[in-house]
Amino acid sequence: MNNVSGKTFYLETFGCQMNVHDSEKVIGTLMARGYQQVEKPEDAGLVLYNTCSIRDKAEQKVFTRLQNFKRQAGNGKLFGVLGCVAQQEGKKIFDRAPHVSLVAGSASYPRLDELLVQLEQGGRRVTGLSLDTDQTFDTPFTRRDNPHRAYITNIEGCDKSCAYCVVPFTRGPERSRPAASVIAEARRLGETGYTEIQLLGQNVNSYRDPSPQGWDFAILLARVAEVPGIRRVRYTTSHPRDFGKAIVDAMDANPVLCDHVHLPVQSGSTRVLASMDRLYTRDDYMRRIDWLKSARRKYSITTDIIVGFPGETEEDFQQTLDLLDQVGYDSLFSFKYSPRPNTAALQMGDRVSDEEKQRRLAIVQEKQRSIQMRRNAELIGEIREVLVEGRHDSLGQWIGRTSDNRILNFTSASPDLAGRYVSVRVTRAGPNSLVGESVTVV
């Protein structure tokens, strides 16, 4: 490789936990080839962007980053675009950003070592864009940055056809990983000191074990929770259509399965849900919420909301606001609809103006803020167990996360708590986090 500063690389990740875990695979592969990771792109011989195309803004950020470095492309510095934008745009990226030398989607990461060899030998239009593979799970090297919490991909791709979503085009069709492989990875993680696992998939609960035993997601959850050394198991993201009562029963039966469910609704209007091709009605969705609220354990419920989908009326929007009150979500991610390539919504008329989308987004966020203030305030005085993730030195507080996925910052006289489980009494509450004092350390 020409003048690559002793084989150094910089990697910036955009998007969801799937992309974060993909970056762990990329980093592990690079380090196994003798590359050293650096903190700033200016110091790297190879600059990589692992991209997200779910929202237009994330995609724009990537090309802005590339444009900023265009002048440095002539001194031996190499650039690569990975992930969803790479899969979506393909070889067109070379035309839009001629200084890019590598374009590779996530399904090609098991071949990343081979692609790097081509790059090192002088290749300047190296691509990994095939989705025709079932080898997307096992990457030989994964560099996990968190020593206590680890991601495991149990399913890739999506077979749904939501009108706004580009994932089926960037991640390909659903491919479930054999259950034995998932359990084996969980065991390896438990044996090496990891205590929390998060199962990942674009549609994590549509999992079906391809081996003869044919486990569904509820059975897989229960089996992962039995792995020695694992104290917490999370999962994301669920599609309501595939969220069955058996999943709630599995969670109720094993406290290792965390007290949190992320169940994206997108809209409170059945008419809009049909236009989105979400495959469920508001009543279908609320049936699943009822399962959770009538369960033996108390679960926090979070969701995603899209405002301003084509044809969304003021009445539709009000139904979404009513849903927020009815469910009482513990938090949510809210977005303005943005047109994405290759999606059905591109052809829909009756567009909502950007100004109106912004107005609706602000209303959703303000309403949810008040809901979170109220729900978090109800926890004052309670004792919660947290997994300590780090320390906020300027505030003199440790940062922990509860089983129900709340951030709880707390004080403790113990000098080193990272990675440990601590019982904390909640003393104050804000809209986005809790504050407390440690009671016991495990």
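Residues numbered from 1 in each chain as written. Predicted model: local features only at pLDDT ≥ 70, side-chain atom pairs only at ≥ 80, totals over all residues. Heavy atoms only, no water.

Draft legend 1. Local environment of the overall build of the protein. Along the backbone of the protein there are 13 helices and 19 strands. Here the C-alpha atoms of the protein give a radius of gyration of 22 Å, agreeing with the 22 Å that 2.2 N^0.38 yields for 442 residues. For the protein, the proportion of its 442 residues judged to be buried stands at 55%. Partitioning the intrachain contacts of the protein with sequence separation of at least 6 by distance along the chain shows that 72% fall at a separation of at least 24. For the protein, the computed accessible surface area is about 18700 Å², with 47% contributed by carbon and sulfur atoms. In the protein, which carries 59 positive and 55 negative side-chain charges, the distance between the mean positions of the two groups comes to 2 Å. (Helix = DSSP H or I, 4+ residues; strand = E, 2+ residues; numbered from the N terminus. Rg over C-alpha atoms; globule rule 2.2 N^0.38 Å. Buried < 20%, exposed > 50% of the residue type's maximum accessible area, 1.4 Å probe, protein only. Contact = heavy atoms within 4.5 Å. Areas by Shrake-Rupley, 256 points an atom, 1.4 Å probe, with all protein chains shown as cover. Lys, Arg positive; Asp, Glu negative; His and termini not counted. Charge placed at Lys NZ, Arg CZ, Asp CG, Glu CD.)

Draft legend 2. Local environment of the environment of Gln87. Structurally, the position occupied by Gln87 is in helix 3 (residues 84-89). When its relative accessible area of 12% is taken as the criterion, Gln87 is described as buried. Residues Gln87 and Gln372 lie 285 residues apart in sequence; the distance between their C-alpha atoms is 37 Å. Engagement of the side chain of Gln87 in a polar contact is seen with the backbone oxygen of Leu129, the distance being 2.6 Å. (Polar contact = N/O pair within 3.5 Å; in protein donor to acceptor, adjacent residues only side chain to side chain.)

Draft legend 3. Structural view of the nonpolar core. Counting 55 residues, the largest nonpolar core has Leu199, Phe217, Leu220 and Tyr235 as its most contacted members. For this core, the element with the highest residue contribution is helix 8 (residues 217-225), accounting for six residues. With residues up to four places along the chain from it excluded, the contact list for Phe217 reads Asn154, Leu199, Val204, Asn205, Tyr207, Arg208, Tyr235 and Ile247. Val38, Val47, Val85 and Ala86 belong to the second largest nonpolar core, which has 20 residues in total. (Core = buried A, V, L, I, M, F, W, Y, C linked by side-chain atoms within 4.5 Å.)

Draft legend 4. The arrangement of the side chain of Glu196 in detail. Tracing the sequence through the fold places Glu196 in strand 10 (residues 196-200). Using a relative accessible area of 2% as the deciding quantity, one classes Glu196 as buried. Once you skip the residues sitting within four places of it in the chain, Glu196 turns out to touch His148, Arg149, Ala150, Arg232, Arg234, Leu387 and Tyr421.

Draft legend 5. Structural view of the environment of Leu395. Its place among the elements puts Leu395 in the loop between strand 15 (383-392) and strand 16 (397-402). It is 39 Å that separates the C-alpha atoms of Leu395 and Glu356, two residues lying 39 residues apart in sequence.

Draft legend 6. The arrangement of the pairing of strand 17 (residues 407-411) in detail. As judged from the four bridges shared by strand 16 and strand 17, these two strands associate in the antiparallel manner. Each residue of the ladder has a partner; that of Ile399, found in strand 17, is Asn409. (Pairing = 2+ DSSP bridges.)

Draft legend 7. The sheet that holds strand 7 (residues 149-153), seen in detail. Spatial strand order, 7-10-11: three strands in an open sheet with parallel pairing. Each edge of the sheet is formed by a strand with only one pairing partner; in this case those strands are strand 7 and strand 11 (232-236). Within the sheet, the average angular offset between the axes of one strand and its neighbour, ignoring direction, is 25°. The pairing of strand 7 with strand 10 spans five bridges and is classified as parallel. Note that in strand 10 the partner of Ala150 across the bridge is Ile197. (Axes fitted to C-alpha atoms, helices over the stretch in contact; angles between N-to-C directions.)

Draft legend 8. Up close: helix 11 (residues 282-293). When the terminal C-alpha atoms of helix 11 are compared, their 16 Å separation across 12 residues agrees well with the 16 Å that a helix rising 1.5 Å per residue should span. Among the residues making up helix 11, those that are buried are Arg282, Tyr285, Met286, Arg288, Ile289 and Leu292. Summarising the axial view, the buried residues of helix 11 lie within an arc of 155°, below the 170-degree limit, and thus occupy one face. The N-capping residue of helix 11, defined by a side-chain oxygen 3.3 Å from the backbone nitrogen of Asp283, is Thr281. (Expected span 1.5 Å × (residues − 1). Arc of directions from axis to C-beta.)

Draft legend 9. Spatial organisation of helix 7 (residues 179-191). In this model helix 7 runs 18 Å from its N-terminal to its C-terminal C-alpha over 13 residues, within 8% of the 18 Å that 1.5 Å per residue would give. Looking only at helix 7, the buried set comprises Ala179, Ser181, Val182, Ile183, Glu185, Ala186, Leu189 and Gly190. Looking at the buried side of helix 7, the elements it contacts are strand 7, strand 10 and helix 8.

Draft legend 10. Looking closely at the sheet that holds strand 6 (residues 126-128). Ordered in space as 2-1-3-4-5-6, the six strands form an open sheet in which the pairing is parallel. At either margin of the open sheet sits one strand with a lone partner, and together these are strand 2 (36-37) and strand 6. Taken together, the four bridges between strand 4 (residues 78-83) and strand 5 (residues 100-104) define a ladder with parallel strand orientation. For Leu82, the partnering residue across the bridge sits in strand 5 and is Ala104. Packed on one face of the sheet, helix 1 (residues 17-32) meets strand 1 (8-13), strand 2, strand 3 (46-51) and strand 4 and runs near 175° to strand 1. Packed onto the sheet, helix 5 (residues 112-120) meets strand 3, strand 4, strand 5 and strand 6 and runs at close to 170° relative to strand 6.

Draft legend 11. Quick peek at the packing of helix 12 (residues 314-327) against helix 13 (residues 354-377). The geometry of helix 12 relative to helix 13 is characterised by a closest axis approach of 10 Å and an angle of 15° between their N-to-C directions. Overall, the two elements helix 12 and helix 13 adopt an arrangement that is roughly parallel. Two packed elements cross with a definite hand, and for helix 12 against helix 13 that hand is right-handed. When helix 12 is examined against helix 13, the residues Glu314, Phe317, Leu321, Leu324 and Asp325 are found in contact with a partner set consisting of Glu356, Arg359, Arg360, Ile363, Val364, Lys367, Gln368 and Ile371. (Parallel < 35°, antiparallel > 145°, perpendicular 65-115°, else oblique. Left-handed = near helix turned anticlockwise from the far one by under 90°.)

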